[in-house]
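Given next are the chains, with one letter for each unit.
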Amino acid sequence: MPAYAIAHLAEADPHPEIIEYIERIAGTFEPYGGRFLVHATPHEVKEGSWPGHVVLIGFPGISEARAWWDSPAYQAIAPLRSRHIEGDIIMVEGVPEGYDPTTTAKAMREGLSAE
């Protein structure tokens, strides 16, 4: 199943270290099959508030995503970003091909019936 690294990053003033991070990051995730799905693109808020920026990196699976995050190559550049941009970063496994949300709804409905 595919997996994703999702970052919600605060606005930040340009800094040479951030530029270096952006220049180097793709080289850290490409060996793990990662690729940018969202980067440096505007987003449209439909509910609530979502200040800052969204970054989405796709991977073939969660093990590749974790291996990238823990890799010496990524850990070497991570401080270039974290010293200048606050944010939240998560990893999440995707759903399988053909996922049917009604199966989840059915299980939830059955759980309500058991109460």
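Quick summary incoming for the structure in this document. (Residues numbered from 1 in each chain as written. Predicted model: local features only at pLDDT ≥ 70, side-chain atom pairs only at ≥ 80, totals over all residues. Heavy atoms only, no water.)

Notes on the environment of H84
Here is step 1: By secondary structure assignment, the location of H84 is in the loop between α3 (72-82) and β4 (87-93).
Here is step 2: For the pair formed by H84 and A10, sequence separation is 74 residues and the distance between their alpha carbons is 9.5 Å. (Helix = DSSP H or I, 4+ residues; strand = E, 2+ residues; numbered from the N terminus.)

Notes on the packing of aromatic side chains
Think of a pair of aromatic rings as described by two things: how far the centres are apart, and how the planes are tilted against each other in angle.
Here is step 1: If you walk through the whole model with that rule in mind, you get 8 aromatic pairs.
Here is step 2: For the ring pair F29 and F59, a centre distance of 6.4 Å and an interplane angle of 80° mean the geometry is edge-to-face. Of the two residues, F29 is situated in helix α1 (residues 16-29) and F59 in strand β3 (residues 53-59); the sequence distance between them amounts to 30 residues.
Here is step 3: Taking the relative accessible area as the measure of exposure, F59 reaches 4% and is therefore buried.
Here is step 4: With 6.2 Å between their ring centres and 75° between their planes, F29 and W68 make a pair best called edge-to-face. Pair noted here: F29 is in helix α1 and W68 is in helix α2 (residues 62-70), with a separation of 39 residues, a long-range link.
Here is step 5: The class for F29 is buried, based on a relative accessible area of 1%.
Here is step 6: Classification of W68 by relative accessible area gives buried; the value is 2%.
Here is step 7: Three or more aromatic residues link up through ring pairs in this structure, and these residues are Y21, F29, F36, F59, W68, W69 and Y74. (Phe/Tyr/Trp six-rings, centres within 6.5 Å; stacked < 30°, edge-to-face > 60°. Buried < 20%, exposed > 50% of the residue type's maximum accessible area, 1.4 Å probe, protein only.)

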